[in-house]
Amino acid sequence: MGLLDTILRRGARAPARAKDDELFDDEFQKKLDVLSLVSRRVFSGKSRAERRTKKSGSGVEFKDHRDYVEGDDLRYLDWSIYQRFGKLQTRLYEEEEDLSVYVLVDTSTSMGFGDGDKLRQAKRVAAALAYVALANLDRVGVLAVRDAVNRTMQPTRGKQRIFRVFEFLRPLAADGTTELGPALRAFAAQQKRRGLAVLVSDLYDPRGFEEGINALRYAKFEVLVIHLRDAREARPALHGDVRLYDCETGEEREVTVTPKVLARFAEAYAAYGDDVARFCKSKQVTYVAADVSTPFDELVLRVFRSGGFLR
Amino acid sequence: MIFAGLPLSQVLAIAGAAGAAIVFLYLLKMRRRAVAVPFSRIWDRVLRDEDATSLISRLKRLLSLLLQLALLALLLLALGDPRLSAALVSGRSIVVLVDASASMQATDAAPTRLEAARRRVREMARGMSGSDRMLVAQMDAATTPLSTLTSDTTELLTAIDKVTPTEARADFPRALRFATDTLRGHEKAEIIVLSDGALGAAHDALGDVHVGDVKVSWVRLGERGDNAGITQFSVRRYPLDKSRYEVMIEVTNTHDQPKEIELSLLGDGDLVDVTKLRLGPGERLPRFYPNLSGASRTLEARLRNADGTRDDLPADDVAYALLPERRRVKVQAVSAGNTFLDAALLLDEYLEVKSVAPSAYPAQGRFDVTIFDGVAPKLAAGSGHALYLAPRGEHAPVKAGKELREFGFDAWEKKSPLLRWMVLDTIGVDEGFELVPAQGDRVVASSDDAGKKRAILVDGRRDGARFVALGFDPRRSDIVLRVAWPLLLLNVINELVEEDTRYISSFSTGEVWKIPAPSGASSVEIVGPDGAVAKVGVQEGRAAMLGQRAGVYRVRAPGVETAFAANLASVAESTISPAERVEVDGKPTAEPSAFTVGVRRELWLYLLAAAVGLSLVEWLTYHRRLTV
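Keep in mind the model is a prediction, meaning the values are calculated, not measured.

### Quick notes on the overall build of chain B
Next, step 1: Helix and strand content of chain B: eleven helices and 37 strands.
Next, step 2: By residue count, 49% of the 628 residues in chain B fall in the buried class.
Next, step 3: Excluding contacts between residues fewer than 6 apart, the proportion of contacts in chain B whose partners are at least 24 apart in sequence is 70%.
Next, step 4: Roughly 30300 Å² of accessible area belongs to chain B as shown, and the carbon and sulfur atoms make up 54% of that amount.

Pasting the structure below:
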C-alpha cells in the first residue's frame, strides 16, 4: 500500500512539475518575441526613454505652471507671466526618464486553488509583461506578494535579463493568506522610484481588494490590475450538506447546497468581479479581467489594448 | 384490532427504541463533508440570503424527521400485521378436500377432472375475504394436508399445485374425519369437497362420520361416464408344468351404453392375444386364457374402444401382472428307498433331487428342502426346510402320540396351500400315529379317534426352519396310488420355498401392500413405475407401504431384485359417472358459499405500500432538492 501510495503520489506530482518546466518553454519565448514586436509596431517611433512619467522634471515638453517657491531653479521662471501679471511662476516640464515597471504577482494559497492554473497564468503574464518592458528598455522589478512582499527581484534592465525573471518566477508557489493592503504598502515604502505597478491577482483578499489597490494609488504608482478569474470557481461541484472552509483562512461555513444556492453563488461571484471593475474604473485604475482559460498572449494583447501598459 | 404478527407489546417496544434512535440521530449534529473553497467571503453573500429562509429550512428538517418517524411507524405496524377483530370473528374456516383418486383423471372435464378441481380451488383461494382461512388437503387412499389453515393466498396456490393424481380409491370417511378434527372449535367452519362424487358412503369401521355443525359442500366435477376398465387381472403357473400359465382378466363396462372393446394381452412386451368384446351396460365379463406360454415374467393387459378411440378414463385401461419366479429347487431325499417318493419327485422338472441314505445324511451342499422318509435325525446345517414322513425319535420335530389303525383324513384346513387341489376324504391309512404338536404348530389335518381328533399333518417352525410332518408312512396307505400324493409333495415343497402356484393377483392400489422381501433383508428399496425410490423397512419378512400408483414395481435388496405389479382393479373407480348427490351424516351436501375476488383486508400490505410510497416521495424530494 505504501509503495502504491508512493507511486501514485509521484504519478500525481509529475504532471505539475512538468507543467512548471513547460512554463517558459521555447514556444512561450517565441510568443514573447511576437508580443514584443507587436508592442513596437503599435508604438513605432518611440525611442529610448520616451515613455513619460507623471513626474515633473527637467524635460523639454511643457507641462504646467506653479507658484515659485524658494529654491526653484531661476532658469525655469516664466518671465513673460511676471511681466504681464506680476506673479512669479515656475514652468514645469515632463521629466523624461526610463520607466520602472513593477510586476506584483499574488502567490497566496487561493492562486493555487484547484489545479493551480491561476498561478501559472499569473507567472506567464508576468513574464510576458516583463519581457515587453525589458525589450522597451524599461526597468523591471518582479515581486511575489501575499500578506507581505514575499520575494523580490530587484529592478533590472535589458532584454537579456528576462531569464532572471524566469528564474525568479519559476519556483514561486501558492501559499499563505492574501493581505494586499500591508503587502503593497510595504512594497511602496521599499521602492523609491515610482512607476507602473502591475498587480496580477485573483483579488481574494479577506480585508477587501480595495486596500491593496489604494495603497499603490496613494503611493503615486500607476496601477494596472490584472484580475485572474477561474470560471470553474463560479460553478463549484457541490451538493447537499457541506462544511465549506476557506483555503487560506480556514474560516468555515455550513451550507446546504441546492441548485438555487449554486445559482445565487454564481450571481455573487459575478457581482464580486463587477465590484472590482467598478472600483477600478472609479479610481481610474486600469483593469483587465481574464479567465485562466484565456491564452496568455491574448491576455497580454488585451493588456496592451487597455492602454495601461503601453503608452 | 389485533396483531397477528408481532405482538403489540413488541411493536411498541421496537417503536420506542427505534423512534428514540431516529430522534437522537436527528438531534445529533451530523458532521458535514468538508469542502475547501478559494474565497469564503463570496459565500457570505449567499448565506446572508440563506439565513432569511432558515426558518423554512428548519421546518423542512422537522418534516424530514416526521417523515422518518412515519416510515418507522408504518413498517412496524406492517410487522405487527394488524387485523380488524370484527373481520376476524366473521371469517370462515375452510378445509378443501381435493379428490385425487383415479376417477379424477377422467378427461370429460378438459383436460382432467383433477385439473378442473385445481382451477376451482385457485378461484376460491383468490376469492377469499381477508379474514377467511383455508386449508387444502389431498384426498386419496390417505388424506394429506398440503397447507396450513391460512389466509395466505400464495401458500394456498402453492399447495394446490402440489395435488398429484393417484390411481387409488378415495377414502372419504378418513378425509371427513381429518377435516372435522381440523375445524373443531372454529366458527363458520366449512368443508368443501371437490370430487366427481364417487366417494361411497361416509361410513367406515369406526361407524358413521359425524361432522356436527360443520357445513359440508360439494363441488361436482365431471360430465359423463363413458368408460370400460380392467377390473381383475390374475395369473398362475400350472403346478406340474411351470413353463405354462393361465390368465384371468375381468373387464367391466361401467357406461350406461353398450360398448365394443378390444382387449390385448402382451407377454414380456409381445402381443399374445387380441380379443374384441361386446359388453352391455354395466356388464362384468371375466375371460380366461388357459395354457399360455412364451412369457417368462411380465404380462400386460390393454383395453381400448373397438374403433381405436380411448374412453374417458385411461387409468383403468391397462393392467399388469408378473408371473412367479421359476427356479430349480434343491431337494434332499433321506430315505432307505421309496419308489413312490422318487416317482413323485420326478414329476416336477424344476426339482433337483438328491437321494441320500439315512446313514449318509447329511449330503454335501445346501438344500432348500429335505424330505425325511421314516427317519428323524438331527437337522443338519444346510438342510433347509423339512418334510417328515412318519417321524419318530428324539430329533423328530413333533412327538409321536397314540398309535392309530385304519384311519383317514376326517378334518383338514380347506384353505391350506398344503392341501390345495387334493381330495382327502377317500384316503385310507392302514397304520400310523398321532402327532403331538408343540405350541405354535398348526394342525393341518387330523383323524377322528373315538370322537377325539388326532393330528396327522402338522406344520410348524423349529430353529428358524419350517417343517411339515405326516403321521404315517405313505406306503401304509393308498395315498401313493392317488393324484393326492404328488400334489401333497409338490404343495409342501412349494409352500416351504414359498413358490406359489395359486392365482397371483396384482396388488390393488389404495391399499397397504405387504410385499414379500428377500430373506434376511431389514429394509428394501422399492422403485415405483415412475422411477421414484422409497426405502421401506421389513417386518416379519414383509415390507409394508401404501401403494397409490398402478404399474410394475421393483424391490431391491442387497444382491437381490424382485418385482411385483399393482393395478387399479376397482369397479368403483372405473365407474366415473358423476354422482347426483353426496350425503354426509345423513344430510345432502350443500353448494359452497360464495368466493368473490375483492379487496384484501390484510392491512400490512397497505401499510407496506404506504411506507414504500413515502420512501419514494422522500427520494424524489431529496433528489429534486425540495426537502434539503
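Right, picking up where we left off after that structure.
### Here we look at a nonpolar patch on the surface
Residues and elements named next belong to chain B.
Next, step 1: A contiguous nonpolar patch, built from L75, W604, L605, Y606, L608 and V612 and spanning about 510 Å² of accessible area, is present on the exposed surface.
Next, step 2: With five residues, the top contributor of residues to the nonpolar patch is helix α11 (residues 603–623).
Next, step 3: Structurally, the position occupied by L605 is in helix α11.

### Focus on the side chain of D140 of chain B
All names here are of chain B.
Next, step 1: Along the chain, the position of D140 falls in the loop between β5 (133–139) and β6 (143–145).
Next, step 2: At 2.7 Å, the side chain of D140 forms a polar contact with the side chain of Q138.
Next, step 3: In this structure, D140 is in contact with A100, T166, R169, A170, D171 and Q548, ignoring residues within four places of it in sequence.

### Some words on the packing of aromatic side chains
Next, step 1: This model, assessed by the stated rule, comprises 21 aromatic pairs over all chains.
Next, step 2: Pairing F209 of chain A with F279 of chain A gives two aromatic rings, centres 5.5 Å apart and planes at 85°, and the pair type is edge-to-face. On the criterion of sequence distance, the pair formed by F209 of chain A in helix α7 (residues 209–218) and F279 of chain A in helix α9 (residues 259–282) is long-range, its members being 70 residues apart.
Next, step 3: Under the relative-accessibility criterion, F279 of chain A is labelled buried at 12%.
Next, step 4: Taken together, the aromatic side chains of Y204, F209, Y272 and F279 of chain A together with F39 of chain B make up a single cluster linked through ring pairs.
Next, step 5: Positioned over the ring face of Y289 of chain B is R287 of chain B, at 5.7 Å from the centre of the ring.
Next, step 6: Residue placement shows K414 of chain B over the ring face of W412 of chain B; its charged tip is 4.9 Å from the ring centre.

### Thoughts on the confidence of the model for chain A
Next, step 1: Scored by pLDDT, chain A has a mean of 81; 83% of the residues are at 70 or more.
Next, step 2: The element-level mean pLDDT for chain A is lowest in helix α1 (residues 2–21) of chain A, coming to 43, with strand β5 (residues 139–145) of chain A highest at 93.

### What to know about the nonpolar core
Next, step 1: One finds V101, L129, V142, L169, V198, I226 and F309 of chain A to be the most contacted residues of the largest nonpolar core, which totals 46 residues.
Next, step 2: Element by element, the count of residues in this core is highest for helix α4 (residues 117–135) of chain A, at twelve residues.
Next, step 3: Among the nonpolar cores identified, the runner-up in size contains 45 residues, and Y102, A215 and A268 of chain A together with V37 of chain B belong to it.

Cut-offs and rules
Residues numbered from 1 in each chain as written. Chains lettered and ligands numbered in written order. Predicted model: local features only at pLDDT ≥ 70, side-chain atom pairs only at ≥ 80, totals over all residues. Heavy atoms only, no water. Helix = DSSP H or I, 4+ residues; strand = E, 2+ residues; numbered from the N terminus. Buried < 20%, exposed > 50% of the residue type's maximum accessible area, 1.4 Å probe, protein only. Contact = heavy atoms within 4.5 Å. Areas by Shrake-Rupley, 256 points an atom, 1.4 Å probe, with all protein chains shown as cover. Patch = residues over 30% accessible without salt bridge, like charges linked within 9 Å, V, L, I, M, F, W, Y side chains within 5 Å. Salt bridge = Lys/Arg side-chain N within 4 Å of Asp/Glu carboxyl O. Polar contact = N/O pair within 3.5 Å; in protein donor to acceptor, adjacent residues only side chain to side chain. Phe/Tyr/Trp six-rings, centres within 6.5 Å; stacked < 30°, edge-to-face > 60°. Lys NZ or Arg CZ within 6 Å of the ring centre and 35° of its normal. pLDDT = per-residue confidence, 0-100. Core = buried A, V, L, I, M, F, W, Y, C linked by side-chain atoms within 4.5 Å.

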